[in-house]
2 protein chains.
Amino acid sequence: MTPPGDVDEISGRDDGDAMTAAPAPVALSAPLPTIADVARAAGVSKTSVSRFLGGALSALSEDKRQQIESAIARLDYRPNRLARGLKRGQTRLIGFVVADVVNPYSVAVMHGAEAACRKFGYTMMLCNTGGSRELEHQVLDALASYSVEGIILHSVGEATGAIARLVPARVKLVLLDRRLPQTDYDFIGLDNSIATMLATRHLLENGYRDLAIFAEPLAGVSPRCERTAAFLAEVATEPAATGGLFEIDTTDETSTDRAVAAFMAANRQAAPKAILAASGIVTLCLLRALARAGIAIPDDVGVVGFDDLAWSHLVGTGITTIGQPTDKLGEMLVRQLLARIDGDTAPRCDRVVPGHLIIRGSSARR
Amino acid sequence: MTPPGDVDEISGRDDGDAMTAAPAPVALSAPLPTIADVARAAGVSKTSVSRFLGGALSALSEDKRQQIESAIARLDYRPNRLARGLKRGQTRLIGFVVADVVNPYSVAVMHGAEAACRKFGYTMMLCNTGGSRELEHQVLDALASYSVEGIILHSVGEATGAIARLVPARVKLVLLDRRLPQTDYDFIGLDNSIATMLATRHLLENGYRDLAIFAEPLAGVSPRCERTAAFLAEVATEPAATGGLFEIDTTDETSTDRAVAAFMAANRQAAPKAILAASGIVTLCLLRALARAGIAIPDDVGVVGFDDLAWSHLVGTGITTIGQPTDKLGEMLVRQLLARIDGDTAPRCDRVVPGHLIIRGSSARR
DNA sequence: TTGTAAGCGTTATCAT
DNA sequence: ATGATAACGCTTACAA
């Protein structure tokens, strides 16, 4: 079928390797076929092949179309995205910068975002900052150097020059979960006020009166601040209730131990106590500390935690949690980015999704 | 300081936007500076700038070196990695293809791998296959189209054409956790035989005699097969003990319920029962099923699970688990890849790391 | 030590 | 409908 002259030198240049009857049609060290190879094999110009690739079918005769199609299949050709990106400025790359990759919340959102990226033909570059400003700076620069079209940023909590520098690089940015004060970047996250109110109200309604919110050092990180503020505001609506904030260092066990001891030792012994953990990590640290101290849930203290984790209902009689639609968040982030990439110039978007309370044994009625 | 003529037209071409006193030195819609811009600003050739960038300091006069350095700083220039990759064939990109991004095991390894990538100047592209052959095929193709230099593959379990196609594309491959029969790709994972033996022996030594291993359908997936085989072999060393395999569908609760019921109803009522869960996901499903059935751990049944999860010690009196050095695995994977990229042609590497048993209450002595 | 020029694999412009 | 040809931003012979 194929004239011998057309066959692009597949002849073995291998030395030593005597696999003469190799099933793979391509020699091990053959250079990858380029658009030029396809053009030659199909007897057309590179331009025509490019048109075929770009879907400009209308400007192609059925004749050539078939020739090209078959040549592509024969050579197992696939376009080089780097070259395409360089020329067209469309890399179809999206960066996901996360403060903590092992945080189940981030992972869950990442899951949704990755799926959305793939759905829309994008590929995700993942970077972890570990909560370090320096690293965040570094990875944002790195992503920009790859000409990603957009970045989803779960920031360390403050606006940095590295973020500002994305703008001239034409990289679209959307913030996840954490707002950046004084900036007007798009934002998507949880409706912290309502979610916190829901949880706090639930505790109050179930008879808890001496409340506390455990959080990582607020340090201006928006969800921590918002949750704390909403918690205190809600507690204030119940005259008989008190509420306080305990900041803990999640990397230091004794920190949580101390906070727990301080809270449990507080005066109002008669008032049923409960703790709202402001994040999944804090929930974990808190539960560990309570276990170490031999404090019973919910008998000695009620517990509600942000972020519904897979194991929430396995601990004790189950931990009451605030769930977030993480997959949906991931998809929303990508969609928002793609809209901007497509030229959407609407004013800053600030979209929040509602959390839902999943009531389990840890906040049982008192 | 800077002669006016040297300043590359920063002059505002903005229409409408009247931010005359903008703090950012670069106009919003200015094209990014290229190596040519730097060369012009520094009064040297592109070549010299490229040499500077490439660290060819020896071939550069101190004079020009400073000029270039200052020009780069002035323009806030950063090289375009796409262009560099296209020309040099070095993209500094590594793909991580994982069967299940939300699996804590994968996440933990990813954490280590991401850190290693960054350490060595690489950036990670993350793809999730959800265990689908088709998706694996698709994402491998996508990664190849970006000319990643290497891929870490947590495969769906079988060798596919998509994997074979990476070879002509000169993409290095290293398998994580799951071997691919009939292939000779580099492999790094857990020493399943020893880890399983450790866990099984522990159960036997603690008096359990009626054992079972719960696993997802083996389907030729190597860790599942190896763990099951090692489990059965170890059980066989104890004449008074019996052991069986229960395959469960982790996406269907009733599947685990049925398996648990079947195992618990089995004859040998006198023999203390214990279950070895062959993965973190299975452990989770198992614990849920036991909770639903009201079966007490370890009184009614002992439990040991693969993969040490953050919450392992919070459930009941703690779940005995087999921990893996996941961060180390991640780094090993990247190092292996980089070695191959650097031209290492050593024969197929098959490296296993030892797991360690973390003994908690779920396997207490009978 | 420095620079010129030719590509890397695409797409886009402009002819034809 | 089709095809030269010039970019995209960079590296690298090869010259000087």
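As the structure is a prediction and not an experimental result, all values here were calculated from the model. (Residues numbered from 1 in each chain as written. Chains lettered and ligands numbered in written order. Predicted model: local features only at pLDDT ≥ 70, side-chain atom pairs only at ≥ 80, totals over all residues. Heavy atoms only, no water.)

Asker: How do you make sense of the overall build of chain A when you look at a structure like this?
Answerer: Along the backbone of chain A there are 12 helices and 12 strands. Its C-alpha atoms give chain A a radius of gyration of 28 Å, more than 25% over the compact-globule value 21 Å for 366 residues. Seen through its C-alpha atoms, chain A measures out along the principal axes to roughly 95 × 50 × 35 Å. Per-residue burial for chain A yields a buried fraction of 49% across its 366 residues. (Helix = DSSP H or I, 4+ residues; strand = E, 2+ residues; numbered from the N terminus. Rg over C-alpha atoms; globule rule 2.2 N^0.38 Å. Buried < 20%, exposed > 50% of the residue type's maximum accessible area, 1.4 Å probe, protein only.)

Asker: What's the story with the sheet that holds strand E12 (residues 356–358) of chain B in this structure? I'm lost.
Answerer: What links the strands of a sheet is backbone hydrogen bonding, and the strands pair in either a parallel or an antiparallel sense. Residue and element names in this part refer to chain B. Pairing is mixed in the open sheet, where six strands are placed in the order E7-E6-E8-E9-E10-E12. Two strands close off the open sheet at either side, each with one partner strand: strand E7 (242–247) and E12. Within this sheet the neighbouring strands show an average axis-to-axis angle of 20°, counted without direction. Pairing of strand E9 (residues 302–306) with strand E10 (residues 320–323), which is carried by three bridges, proceeds in the parallel orientation. When the sheet's bridge partners are listed, Val304 is paired in E10 with Thr320. Its contacts with the sheet place helix H9 (residues 222–236) against strand E6 (210–215), E7, strand E8 (273–277) and E9, and it is angled at close to 160° to E7. Strand contacts of helix H11 (residues 280–293): E6, E8 and E9, with the helix running at about 155° to E9, the strand carrying the most contacts. (Pairing = 2+ DSSP bridges. Axes fitted to C-alpha atoms, helices over the stretch in contact; angles between N-to-C directions. Contact = heavy atoms within 4.5 Å.)

Asker: So what exactly am I meant to see when it comes to the nonpolar core here?
Answerer: One broad rule of soluble globular proteins: the nonpolar side chains tend to lie buried together. Counting 90 residues, the largest nonpolar core has Phe96(A), Met110(A), Ile152(A), Phe96(B), Met110(B) and Ile152(B) as its most contacted members. Not counting residues up to four positions away in its chain, the partners in contact with Ile152(A) are Gly95(A), Phe96(A), Val97(A), Ala113(A), Val174(A), Leu176(A), Leu333(A), Val334(A) and Leu337(A). Leu290(A), Val301(A), Phe263(B) and Met264(B) belong to the second-largest nonpolar core, a separate cluster that totals 48 residues. (Core = buried A, V, L, I, M, F, W, Y, C linked by side-chain atoms within 4.5 Å.)

Asker: Help me understand the protein's contact with DNA strand D, please; the structure alone is not making it clear to me.
Answerer: Thr47(A), Arg51(A), Ser61(A), Ile35(B) and Tyr77(B) are the nearest of the 24 residues found near DNA strand D. Taking Ser61(A), its main chain carries an N or O atom lying 2.6 Å from a phosphate oxygen of DNA strand D. In the model, a base nitrogen of DNA strand D is placed 2.8 Å from a nitrogen or oxygen of the Lys46(B) side chain. Of all the elements in the fold, those that place two or more residues in the surface near DNA strand D are helix H2 (46–54) and helix H4 (81–88) of chain A together with helix H2 (46–54) and helix H4 (81–88) of chain B. When residues of the surface near DNA strand D are assigned to their parent elements, the largest contribution, four residues, is made by H4(B). Of the residues in the surface near DNA strand D, the class split is eight nonpolar, nine polar and seven charged. (Near = heavy atom within 4 Å. Polar contact = N/O pair within 3.5 Å; in protein donor to acceptor, adjacent residues only side chain to side chain. Nonpolar A, V, L, I, M, F, W, Y, C, P; charged D, E, K, R; others polar.)

Asker: Looking at this model, I keep getting lost on the environment of Ile281(B). Mind explaining?
Answerer: Residue and element names in this part refer to chain B. Structurally, the position occupied by Ile281 is in helix H11. In this structure the C-alpha to C-alpha distance between Ile281 and Gly305, which are 24 residues apart in sequence, comes to 9.3 Å. In this structure Ile281 touches Asp100, Asn103, Glu216 and Thr250, once residues within four positions along its chain are discounted.

Asker: What should I look at first to understand the relation of the copies chain A and chain B in this one?
Answerer: One copy of the chain maps onto the second through a rotation around an axis plus a translation along that axis. Turning chain A through 180° and shifting it by 0.0 Å along the axis lays it on chain B, with an RMSD of 0.1 Å. Classification of the inter-copy transformation places it as that of a two-fold axis. It is Met125(A) whose C-alpha, among those of chain A, lies nearest the rotation axis, at 2.1 Å. (Least-squares fit on C-alpha atoms with pLDDT ≥ 70 in both.)

Asker: Before we go on, may I ask you to explain the pairing of strand E8 (residues 273–277) of chain A in this structure?
Answerer: The side chains of a regular strand alternate between both faces of the sheet. Residues and elements named next belong to chain A. Taking burial as the measure, the five residues of E8 include five buried ones, the bulk of the element. Of the two faces of E8, the one lined by Lys273, Ile275 and Ala277 and the one lined by Ala274 and Leu276 are each fully buried. Bridging between strand E6 (residues 210–215) and E8 involves five bridges; their strand directions are parallel. Across the sheet, the residue bridging to Leu211 is Ala274, located in E8. As defined by bridge partners, E8 adjoins strand E9 (residues 302–306) across four bridges and the pair is classed as parallel. Note on E9: the bridge partner recorded for Ala274 is Gly302. Once the chain exits E8 it traverses helix H11 (residues 280–293) before rejoining the sheet at E9, and the crossover so formed is right-handed. (Right-handed = clockwise from strand over helix to strand, strands pointing away.)

Asker: What am I meant to see in the packing of aromatic side chains here?
Answerer: We describe a pair of aromatic rings using the distance from one ring centre to the other and the angle between the two ring planes. Tallied over the entire structure, the rule returns four aromatic pairs over all chains. On the numbers, 5.7 Å between centres and 70° between planes, the contact of Phe246(A) with Phe263(A) is edge-to-face. Linking Phe246(A) in strand E7 (residues 242–247) with Phe263(A) in helix H10 (residues 253–265), this pair joins segments that are 17 residues apart in sequence. The exposure class assigned to Phe263(A) is buried, which follows from its relative accessible area of 2%. Here a set of aromatic residues connected by ring pairs shows up, and it is made of Phe214(A), Phe246(A) and Phe263(A). Stacked on the ring of Phe187(A), the Lys or Arg Arg179(A) has its end atom at 4.0 Å from the ring centre. The positively charged end of Arg227(B) is found above the aromatic ring belonging to Phe306(B), 3.9 Å away from the centroid. (Phe/Tyr/Trp six-rings, centres within 6.5 Å; stacked < 30°, edge-to-face > 60°. Lys NZ or Arg CZ within 6 Å of the ring centre and 35° of its normal.)

Asker: What's the story with a nonpolar patch on the surface in this structure? I'm lost.
Answerer: Judged by side-chain polarity, Ile194(A), Met197(A) and Leu198(A) come together as a nonpolar surface patch covering roughly 230 Å² of accessible area. Mapped onto the fold, Leu198(A) is located in helix H8 (residues 192–205). (Patch = residues over 30% accessible without salt bridge, like charges linked within 9 Å, V, L, I, M, F, W, Y side chains within 5 Å. Areas by Shrake-Rupley, 256 points an atom, 1.4 Å probe, with all protein chains shown as cover. Salt bridge = Lys/Arg side-chain N within 4 Å of Asp/Glu carboxyl O.)

Asker: Please clarify how the protein's contact with DNA strand C should be interpreted in this entry.
Answerer: Lining the immediate surroundings of DNA strand C are 25 residues, of which Ile35(A), Lys87(A), Thr47(B), Ser61(B) and Lys87(B) lie closest. Contact between DNA strand C and Tyr77(A): a phosphate oxygen at 2.8 Å from a side-chain N or O atom of the residue. Take Ser61(B): an N or O atom from its main chain is 2.6 Å from a phosphate oxygen of DNA strand C. Within the residue set of the surface near DNA strand C, elements represented by two or more residues are H2 and H4 of chain A together with H2 and H4 of chain B. For the surface near DNA strand C, the element with the most residues is H4(A), which contributes four residues. Within the surface near DNA strand C, the residues separate by chemical class into eight nonpolar, nine polar and eight charged.

Asker: What's the story with the packing of helix H8 (residues 192–205) of chain B against H9(B) in this structure? I'm lost.
Answerer: Two numbers describe a pair of packed helices, the interaxial angle and the distance between the axes. Residues and elements named next belong to chain B. It is at 8 Å that the axes of H8 and H9 come closest, and there the two elements cross at 40°. In terms of orientation, H8 lies oblique with respect to H9. When the axes of H8 and H9 are compared, the crossing they make is right-handed. The segment H8 lies against H9, with Asn192, Ser193, Thr196, Met197, Thr200, Arg201 and Leu204 engaging Pro223, Glu226, Arg227, Ala230, Phe231, Glu234 and Val235. Partitioned by chemical class, the residues of the contact of H8 with H9 number six nonpolar, four polar and four charged. (Parallel < 35°, antiparallel > 145°, perpendicular 65-115°, else oblique. Left-handed = near helix turned anticlockwise from the far one by under 90°.)

Asker: Is there a simple way to explain the interface of chain A and chain B in this structure?
Answerer: Note: interface size is frequently given as the accessible area lost on complex formation between the parts. In this assembly, 53 residues from chain A lie in contact with 53 residues from chain B. For the pair chain A and chain B, the summed buried surface comes to about 4800 Å²; carbon and sulfur atoms form 65% of the total. Considering only the side of chain A, the residues that lose the most area to chain B are Leu82(A), Tyr146(A) and Leu314(A), jointly responsible for 16% of the buried surface there. Counting across the chain A and chain B interface gives four salt bridges. Two residues, Arg165(B) and Asp76(A), come together in a salt bridge whose shortest N-O distance is 3.0 Å. (Buried area = accessible area lost by both parts, 1.4 Å probe.)

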